[in-house]
Structure formats: C-alpha cells, structure tokens
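Here are the chains, one letter per residue:
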Amino acid sequence: MRQIDAIKAWLLEQFAISGVAAEWIRLIICLAAMSVLWFVLVFAARRILVAIFTRVAAKTTTTWDDILLKNKVFLRLAHILPAFLMEAGADTVLSDFPKALARVNILITLYLIGVFVSLANSLLNSLREALYDNEHLRDKPINSYIQVGKIIIYFIGGIMMISEVLGKNPLYLLGAMGAASAVLLLVFKDTILGLVASIQLSANDILRVGDWVTMDKYGADGDVMEINLATIKVQNFDLTITTIPTYAFISDSFKNWRGMQESPGRRIKRAIKINKSSIKFCTNEMLEKYKQIDLIRPYIEQKLAELSAHNEQHVVNKELPINGRSLTNIGVFRKYLEFYLKNNPKLNPAMDIMVRHLPPSESGLPIEIYAFTYEKKWANYENVMADIFDHVLAAVAYFDLSTFQNPTGADFQGLVATK
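Only a predicted model underlies this, so the values are computations on that prediction, with no experimental measurement involved. (Residues numbered from 1 in each chain as written. Predicted model: local features only at pLDDT ≥ 70, side-chain atom pairs only at ≥ 80, totals over all residues. Heavy atoms only, no water.)

Colleague: Pulling in residues and values, what's your account of the overall build of the chain?
Modeller: Each helix and strand counted, the chain has 17 helices and eight strands in total. For the chain, the proportion of contacts with a sequence separation of at least 24, taken over those separated by at least 6, is 64%. Accessible surface for the chain amounts to roughly 25200 Å². Of this, 62% is attributable to carbon and sulfur atoms. (Helix = DSSP H or I, 4+ residues; strand = E, 2+ residues; numbered from the N terminus. Contact = heavy atoms within 4.5 Å. Areas by Shrake-Rupley, 256 points an atom, 1.4 Å probe, with all protein chains shown as cover.)

Colleague: Please set out the side chain of S363 residue by residue, giving values where relevant.
Modeller: By secondary structure assignment, the location of S363 is in the loop between β7 (354–357) and β8 (365–373). Of the residues examined, S363 reaches a relative accessible area of 15% and is grouped as buried. Only 3.1 Å separates the side chain of S363 from the side chain of K273, close enough to count as a polar contact. (Buried < 20%, exposed > 50% of the residue type's maximum accessible area, 1.4 Å probe, protein only. Polar contact = N/O pair within 3.5 Å; in protein donor to acceptor, adjacent residues only side chain to side chain.)

Colleague: Please give an account of helix α14 (residues 297–313) that cites residues and values.
Modeller: For α14, which comprises 17 residues, the first-to-last C-alpha distance of 24 Å matches the rise-based estimate of 24 Å (1.5 Å per residue) to within 8%. All of the buried residues in α14 are Y299, I300, K303, L307 and N311. End-on, the buried residues of α14 take up no more than an arc of 90°, which puts them together on one face. The exposed residues of α14 that point more than 90 degrees off its buried face are E312 and Q313. In this structure, the buried side of α14 is in contact with α13 (284–290) and α15 (329–342). With its phi angle positive at about 50°, V315 sits one or two positions after the end of α14. (Expected span 1.5 Å × (residues − 1). Arc of directions from axis to C-beta.)

Colleague: Please set out the sheet that holds strand β1 (residues 212–215) residue by residue, giving values where relevant.
Modeller: Strand order in the open sheet formed by five strands is β4-β3-β2-β1-β5, and the pairing between neighbours is antiparallel. Bordering the open sheet on either side are β4 (241–245) and β5 (255–256), each of which pairs with just one other strand. (Pairing = 2+ DSSP bridges.)

Colleague: Outline the sheet that holds β7, supporting the account with residue identities and numerical values.
Modeller: Strand order in the open sheet formed by three strands is β6-β8-β7, and the pairing between neighbours is antiparallel. Both outer strands of the open sheet, β6 (266–274) and β7, are each paired with one neighbouring strand and no more. Averaged over all neighbouring strand pairs, the angle between strand axes comes to 20°, with direction disregarded. Bridge analysis of β7 against β8 gives four bridges, and the strand direction is antiparallel. (Axes fitted to C-alpha atoms, helices over the stretch in contact; angles between N-to-C directions.)

Colleague: Can you break down the packing of α15 against helix α16 (residues 378–395) residue by residue, with the values?
Modeller: Direction vectors running N to C along α15 and α16 enclose 150°, while the axes themselves pass 12 Å from each other. Judged by the inter-axis angle, α15 sits roughly antiparallel to α16. Between α15 and α16 the crossing geometry is right-handed. On α16, the residues that touch F333, Y336, L337, Y340 and L341 of α15 are D387, I388, H391, V392 and A395. For the contact of α15 with α16, the per-class residue count stands at eight nonpolar, one polar and one charged. (Parallel < 35°, antiparallel > 145°, perpendicular 65-115°, else oblique. Left-handed = near helix turned anticlockwise from the far one by under 90°. Nonpolar A, V, L, I, M, F, W, Y, C, P; charged D, E, K, R; others polar.)

Colleague: Requested: an account of the side chain of N121, with residues and values cited.
Modeller: Its place among the elements puts N121 in helix α6 (residues 98–132). Of the residues examined, N121 reaches a relative accessible area of 17% and is grouped as buried. Of note is the side chain of N121, whose polar atom sits 3.1 Å from the side chain of Y154. Ignoring sequence-local partners within four residues, the contact set of N121 consists of K150 and Y154.

Colleague: Give me the nonpolar core: which residues, what numbers.
Modeller: Membership of the largest hydrophobic core comes to 37 residues, with the highest contact counts inside it found for F333 and I388. Counting only elements with at least two residues in this core, the list comes to β6, α13, α14, α15, β8 and α16. Setting aside its immediate chain neighbours within four residues, I388 contacts I268, Y340, L341, N344, L347 and I369. Counting 13 residues, the second-largest nonpolar core is a separate cluster that includes V213, A220, I227 and F254. (Core = buried A, V, L, I, M, F, W, Y, C linked by side-chain atoms within 4.5 Å.)

Colleague: Which residues make up the pairing of β8, and what values do they have?
Modeller: Within β8, nine of the nine residues are buried, which leaves the element mostly enclosed by the surrounding structure. Residues of β8 alternate between two faces, with L365, I367, I369, A371 and T373 on one and P366, E368, Y370 and F372 on the opposite face, all of them buried. In this structure, β6 lies alongside β8, joined through nine bridges in antiparallel fashion. The residue bridging A271 from the neighbouring strand is E368, located in β8.

Colleague: Can you lay out the environment of R270 for me, pointing to particular residues and giving the numbers?
Modeller: Following the sequence through the fold, R270 ends up in strand β6. On a C-alpha basis, the gap between R270 and P366 in space is 9.3 Å, while along the polypeptide they are 96 residues apart. Residue contacts for R270: discarding those within four places in its chain leaves I367, E368, I369, M385 and F389.

This is the structure:
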C-alpha cells in the first residue's frame, strides 16, 4: 500500500491530478499490480509444482503418476494456490474500492470454478487411461461412463458460475431448470438414450471393445473400436469406419460374433447342388470302382453284406435294383463326405460334423456340409473351407455324379456346333 500511495503522490505531483481521476488511476494501478502479481505467482507455481512431480514420477515404478502428469493434472493444481492468494490479497489492495473488490472476487471465484472443472476433467481423463491399461477392463465401455462424469461436472460448474454471476443460490437455478425439464429432455435426448444404452450394454455384457459385429442396417461389418456415450465406432474389414448411435445396439438387431471367437470352432455351412439326372442305383461295376477309394471301401463291404442278408431274408427279386434295399451313388457319395470330414485334421471332431440333403429344387439337389474348423481367423478359415470344397467338387465325378449350373453361352455354342 505504501508503494501504491507513493506512486499516487508522484502522479498527483507531476500531472496535478486530483479528485475522481486520481481514484481511477489508483484503481487501475492496483488492478495492474494484482495482474502482474497473479502472472508471477502462476508462473512460479507451474514451474515449481510441475518440476517436483516430474522428478517424482521419473523415479517411481508406478504408471499412475505418469498418467497424471501426461493429462496435466499437476498443471491444473498450480492454478489453485495463486487464486486463493489473490483472493486474500484483494481484500487488502482494494479495501478502498468496495465495488471493484466485489467484482474482482466474483472473477476470482469464476476462475477457481473453471480451474476445478478443468482439474476434474483431467482426473477423469487420467482415470480412463488407467482403466484402459487394465486388461480385464479394456473391453468395457469405460469411455461412456467417463463422458457421463464430464457432463455432470460441466453441468455443476455451469450452474455454480451462473449462480455466482447472478448472486443466486444454485438450488434456485436448479428449481428454475426443473420447470424447463421437458426442453432439456428434448435437447439431451440422444445423450440420455446413449447413457441408458451404455448401461444396458455393459450390465448385460452385450457388446465389448474388440467384438466383431455385423449390422446390415448401417453397413457395419468389423471390429468395435470405441464405445462412447453417443456413438460406437466400428472399423470394417475394408478399413472404413462406421459410426453407429449407441442406442441403436439396443433398439435394432445386430450380430455379435464373440460367441464364435470364444468357441472351440468356427462353423462351415455351405452346399453344392447335384444334378438330379445323375443320381442312380449303384451297379456291381460302380461298386467295384468305389471300393478302390480307401475311405469308403470298409463302408461299402459292410453295407453290401447287410443289404444282401436283408434281401435274401425277404426273398427280394434283385433283377430290378428298385426292389428291396440297394445302394445309390448319391448315398455312397454322402457317406464318403462324412468320412472325409471326420478325417480332416483341420476340423474339430468334438463339434457337429454332418452332411445332409436340403430340399431339392429346380436347380438340383443341394448337399450341405455342416462342420466346425479349428481356425477362426477369417483368412485361415476361408482357406480351410476352400480346400474342403476344392476336394468335394473334384470328387463328385468319381461317384458318377455331376453338379448343376446354369448353361452359359459356351454351352449353347457347343450345342449349335454339334447340329
């Protein structure tokens, strides 16, 4: 105060200033001095506090202090002490200016509220990063809860700032906002829906980060990258990114492949279509040829003995193959596929392995292979399935069967050329 009075006296002496102008000059000098002092205190606090915690974090083996330092928590803390010192000093420096003191105190309070909001935001960012470092929590929608916490903090901070400026109790503002709740619900509809959806997704373990999901409505087919309060990011297999509203995973249908990824096998379910005109009863010549196939020989010998005993017992006239019981080439082929699949080392024998007929149609008789591969990664799975069907399609001709396909232009050209 003595220095300020000395400056005031010097100004009055030099410029002959008096009255109201002198008081204004004194106020400006006081505010300027406080501003300079505030900058000096903040600069010193930031340098000292951050330097101390940087050294401490470098010497410790824990990661949480490094995370706090990275998210500027200590930098935010450095603003608190200077603000309190300025608030205490303002009462002395501006004691002769009650109106200015009241406004400065409001500004300091607003500044402190902003600092605490910023500090809480940094702490939440640090908490999110620390939780993501935990392997057991990495696939949880942590980001959604962090965003909810930020919304609450910003809401409380905004209410406190407005109440400080208006000089009203925060509860009074909350009561006034209650009357506008319908408008708030409309404005924050997506946020509220996202919050509810995030809680349901987490509580029911419907979706995790890293899950492979398919959602045709949004063109999504890939891995979940991030679960936020309002949106969920899915990186498709073509490396594009699809953003889907969080609540859509509750209101709409989607396919989560996690069950397959956690199971001991991935399913193969694909059919080939056999030309129905190539299906026939087996003749002795056909059976002798089929016996040369190692996988099917024991089955044919055992089945022929069983059928022969049955037909002799019932005195069946076998001059026509349709009488009694007989083998067909499609039946032998189906059994061959079963033996082939059960002997394939890339298929899981502990899970279902089946070869079945689907309803015949105008495009032939579908023979479906139903089995599970050990391989679950996309590329490896496709290679295993391709190897199986390469063999199946090549094996069809060995059983006097043919596959069905629609005629092409080359087929019609060949037909015309033969006439």
